[in-house]
Amino acid sequence: MTEAMTKQERVELSYQLLQGAVDLHIHTAPDIFPRSVTAIEAAEEAKAAGMDAIVVKSHSTDTAARAEMARTATRFDVRGGVALNYPVGGLNPYAVLESAKQGGRIVWLPTLSARHFLAHAENVPVLRAESPVGSEGIVVVGDNGNLKPEIEDILQLIKEHDMILASGHVSPSEAIKVFRRAAELGITRLIVTHPHALFVGASAEDMRELASFGAMNEFQYAFVTKVIVPPQTMGHIAELIRKVGMESCHLATDGGQKVNPHPAEAFRLFIEGMLEEGFTPDELRYMTSEAPKRLLAG
């Protein structure tokens, strides 16, 4: 059905499908990187577009308080969380606990501070430029092949507070070990952060294995734009989603970069691109609304 659509029909349908959508990954100002919107502005634009909720993220600070301020100011559902990088103490259970107390919804494993990311960041120059200099980076698996003790403590807190665990920029093998343990503990809210990113390097087989633990693979608009070199194509992302299985995938923007459209418009463009790649309105409604709402609920 979507293959026969005209460009104008896809545009009109993308606006309709944006109604009720949830973007679980937006970067907002203030930040160490240039951002196009504050959390309040991102919320206002999402609300105007008819979306249901957004999550704001930072590589360097907990965004739970920022999200609460935006939620109060806009009367729109905005959530936050914490990425376990060096600025918050790395694999720091206390940072997770404080985020939970402030309403934080997502805990990301290390992103810019992850050893795996630091070794594979050539295609994201803007991120690499602000990554820890002279650091070997954070790993979640020790030299003995077991999860670090701090990870066990963090997982217990995530379970206790019913938070979402996201894989950040750790290696696929590390993410598999953490998510396997999370599933054993009964943690059901799991996100594989942009597994299609070259600096993550997950294969379709990795993504399917992560999905076997109940995880959702998060595919993001930012990777078809100027954020990475070279950019990916909508076709490449669509092919991966079909290989992994649409039921184990959701869409987000990873938006907020100055060089890209504002997040709400980026999400619409992503939907439009996926329509052009042949996904049906029902499939896109699942990946942009139903699946992320299920993750965020609570």
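That block above? That's the structure.
**Things to note about the overall build of the chain**
Of the regular secondary structure elements, the chain holds twelve helices and nine strands. Against the compact-globule benchmark of 19 Å for 298 residues, the chain has a radius of gyration of 18 Å, which places it among compact chains. Scored against the burial criterion, the 298 residues of the chain give a buried share of 60%. Counted over contacts in the chain with a minimum sequence separation of 6, partners at least 24 positions apart contribute 76%. With 28 positive and 38 negative side-chain charges, the chain shows a separation of 2 Å between the mean positions of the two kinds.

**Here we look at the environment of valine 96**
With respect to the helices and strands, valine 96 occurs in helix H4 (residues 93-101). Between the C-alpha atom of valine 96 and that of leucine 210, which follows or precedes it by 114 residues, the distance is 23 Å. Beyond its immediate stretch of four places on either side in the chain, valine 96 contacts Val82, Leu84, Val107, Ile154, Leu157 and Met163.

**Observations concerning the sheet that holds strand E5 (residues 106-108)**
Ordered by their spatial adjacency, six strands build an open sheet running E4-E5-E6-E7-E8-E9, and the pairing between neighbours is parallel. Looking at which strands have only one partner, the edges of the open sheet turn out to be strand E4 (81-83) and strand E9 (249-252). Averaged over all neighbouring strand pairs, the angle between strand axes comes to 25°, with direction disregarded. Pairing analysis gives three bridges linking E4 to E5, with the strands arranged parallel. What sits directly across from glycine 81, in E5, is isoleucine 106. Contacts from helix H11 (residues 263-276) reach strand E8 (216-220) and E9, with the element oriented near 135° to E9.

**Brief notes about the packing of helix H7 (residues 149-160) against helix H8 (residues 172-184)**
Here H7 crosses H8 at 45°, and the two axes come no closer than 11 Å. Our classification of the angle between H7 and H8 gives oblique. The way H7 lies across H8 gives a crossing that is right-handed. Along the contact surface, H7 presents Ile151, Glu152 and Leu155, while H8 presents Val178, Arg181 and Ala182. For the contact of H7 with H8, the class distribution of residues is four nonpolar, no polar and two charged.

**Things to note about the layout of surface pockets**
Its boundaries defined by the atoms lining it, the largest pocket holds a volume of some 270 Å³. As for the largest pocket, its lining consists of 19 residues, and the residues nearest its centre are Arg35, Val126, Leu127, Val227 and Gln257. Per-element accounting of the lining of the largest pocket gives the leading share, three residues, to helix H6 (residues 125-129).

**Let's talk about the packing of aromatic side chains**
The final tally for this structure, using the stated rule, is three aromatic pairs. The structure contains a cluster of three or more aromatic residues connected by ring pairs, namely Phe117, Phe199 and Phe223. The lysine or arginine in question, arginine 268, covers the ring of tyrosine 15, its NZ or CZ lying 4.7 Å from the ring centre.

**Digging into empty space enclosed by the protein**
Under the counting rule described, the total for this entry stands at one cavity of 30 Å³ or more. By volume, the largest cavity amounts to about 40 Å³. Residue classes in the lining of the largest cavity are distributed as seven nonpolar, three polar and no charged.

**Topic: the nonpolar core**
Residues Met51, Ile54 and Met274 are the most contacted members of the largest nonpolar core, which totals 106 residues. Top contributing element to this core by residue count: H11, with seven residues. If we skip the residues at most four places from it in the chain, methionine 51 touches Leu18, Gly20, Ala21, Asp23, Ala46, Phe76, Ala264 and Phe267.

**Considerations on unusual backbone geometry**
Note the cis peptide between alanine 29 and proline 30, where omega equals 0°. Assignment of secondary structure puts proline 30 in the loop between strand E1 (22-27) and helix H2 (39-48). Between valine 229 and the following residue, proline 230, the backbone shows a cis peptide bond with an omega angle of -5°. Its identity as a non-glycine residue notwithstanding, aspartate 162 has a phi of 50°, on the positive side. By secondary structure assignment, the location of aspartate 162 is in the loop between H7 and strand E6 (164-166). Given a relative accessible area of 35%, aspartate 162 falls into the partly exposed group. Even without a glycine there, the phi angle at aspartate 254 is positive, about 55°. Along the chain, aspartate 254 falls in the loop between E9 and H11.

Criteria and cut-off values
- Residues numbered from 1 in each chain as written.
- Predicted model: local features only at pLDDT ≥ 70, side-chain atom pairs only at ≥ 80, totals over all residues.
- Heavy atoms only, no water.
- Helix = DSSP H or I, 4+ residues; strand = E, 2+ residues; numbered from the N terminus.
- Rg over C-alpha atoms; globule rule 2.2 N^0.38 Å.
- Buried < 20%, exposed > 50% of the residue type's maximum accessible area, 1.4 Å probe, protein only.
- Contact = heavy atoms within 4.5 Å.
- Lys, Arg positive; Asp, Glu negative; His and termini not counted.
- Charge placed at Lys NZ, Arg CZ, Asp CG, Glu CD.
- Pairing = 2+ DSSP bridges.
- Axes fitted to C-alpha atoms, helices over the stretch in contact; angles between N-to-C directions.
- Parallel < 35°, antiparallel > 145°, perpendicular 65-115°, else oblique.
- Left-handed = near helix turned anticlockwise from the far one by under 90°.
- Nonpolar A, V, L, I, M, F, W, Y, C, P; charged D, E, K, R; others polar.
- 1 Å grid on protein atoms, 1.4 Å probe; cavity = no way out; pocket = protein on both sides within 12 Å on 5 of 7 lines; lining within 4 Å.
- Points joined across faces, edges and corners; volume = space filled by probe spheres on them.
- Phe/Tyr/Trp six-rings, centres within 6.5 Å; stacked < 30°, edge-to-face > 60°.
- Lys NZ or Arg CZ within 6 Å of the ring centre and 35° of its normal.
- Core = buried A, V, L, I, M, F, W, Y, C linked by side-chain atoms within 4.5 Å.

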